[in-house]
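Coordinates in review
Residues per chain are reported as follows:
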Amino acid sequence: VKALLVINIALALPFLFLYDAVPFLSAVHTALALDVTAWRELAPWLPVWQLATYGFLHSAHEPMHLLGNLIGLYFFGTWLESLLGTRRFLLVYMAGIVIPGLVQLVVALAFGQSLLVVGASGAVLLLVVAMAPLRPQAMVIVLFVPVRLWLVATVYVLLDLFGLVRGGGGAAHVVHLGGAALGFTLAKTGALWWDPWAAHAARKVARERQSALDDEARLDALLARVRKQGIAS
């Protein structure tokens, strides 16, 4: 979480303070954001890096966008990382950027929309909604008022659903809802705890164990043949 906070802040500061003063920063921001128009016009040379980089950018003139995501990442990210460990947490967080971004891209292309999506909001909402099934009765302080975590997550999702139906506000509601859906699914199915590195190591150990058993079986068969048919066989 600390590393992600540093990366988000480091990438945000030039755009917050120098965006209007340095001309090429606008082009850099567009190149790293999830630019639906670019995906439509540049095919088949698709800017696939945008599915990851957009989640580390924020609106150039909206510091509150950055601050809100940093606060959510700090509190809910630290909470979830303490349960999952750093490696699994990073995998979940990156999934919360890439998969909702892909969903937003598909929807925007299907409906002919031209969007420029930035921000870690989808991944942060994944953290909130993933924690809700794990600690639904935990208390979260919202504007000095203690609220159950399940209610906080529900309100966030309902606000994005309302924004999506209303079709305004400029926010990438599909990204937010995609992150929320992914977080809930991972938590409820137990996939949140899946560690591909540990699974690979376990498969390797199992293969080695099976190979040793196969060697023993072949040796036993060979010795049995020697006993029955002689060494010449």
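Structure: see above.
Below you will find a few notes about this structure. All figures in this text were calculated on a predicted structure; none of them were measured in a lab.

What the rule picks out here adds up to two salt bridges. When the shortest N-O distance is used, the salt bridge between arginine 87 and aspartate 195 registers 2.8 Å. Placement of arginine 87 in helix H6 (residues 86-110) and of aspartate 195 in the loop between helix H9 (173-189) and helix H10 (196-229) is noted, with a sequence separation of 108 residues between them. Classification of aspartate 195 by relative accessible area gives buried; the value is 11%. A salt bridge links arginine 218 to aspartate 215, with the nearest nitrogen and oxygen atoms 2.2 Å apart. Of the two residues, arginine 218 and aspartate 215 are both situated in helix H10; the distance of three residues between them amounts to about one turn of the helix. Judged by relative accessible area, which is 52%, arginine 218 ranks as exposed. The class of aspartate 215 is partly exposed, set by a relative accessible area of 40%.

Along the polypeptide, leucine 5 turns up in helix H1 (residues 2-18). The sequence separation of leucine 5 and leucine 83 amounts to 78 residues, and the corresponding C-alpha distance is 19 Å. Beyond its immediate stretch of four places on either side in the chain, leucine 5 contacts Leu70, Leu73 and Tyr74.

What follows concerns unusual backbone geometry. Peptide bonds are, in most cases, trans, and in most cases residues other than glycine have a negative phi. Put simply, alanine 43 and proline 44 share a cis peptide bond, and its omega is 5 degrees. Mapped onto the elements, proline 44 comes out in the loop between helix H3 (36-41) and helix H4 (50-53). Positioned with a positive phi, leucine 143 is a non-glycine residue whose angle comes to about 50 degrees. Summarising the element assignment, leucine 143 is placed in the loop between strand S3 (139-142) and strand S4 (145-148). Residue leucine 143 is classed as exposed on the basis of its relative accessible area, which comes to 75%. The backbone of phenylalanine 144 sits at a positive phi, close to 70 degrees, despite the residue not being glycine. Relative to the assigned elements, phenylalanine 144 resides in the loop between S3 and S4.

Rules behind the numbers
Chains are numbered independently. Their residues run from 1 in the order of the written sequence. Reporting of local features is limited, given that this is a predicted model, to residues whose pLDDT is at least 70; pairs of side-chain atoms are given and counted only at 80 or more, and all residues count toward the totals for whole chains, interfaces and linings. The side-chain figures draw on all heavy atoms in the structure; neither hydrogens nor water molecules are used. Salt bridges, as used here, are contacts in which a Lys or Arg side-chain nitrogen is within 4 Å of a carboxyl oxygen on Asp or Glu. Runs of E in the DSSP output that reach at least two residues are strands. Runs of H or I that reach at least four are helices, and both are numbered from the N terminus. To sort residues, take the accessible area from a 1.4 Å probe on protein chains only and compare it with the maximum for the residue type: under 20% means buried, over 50% means exposed, and anything in between is partly exposed. Here a residue-residue contact requires only that any non-hydrogen atoms of the pair lie within 4.5 Å.

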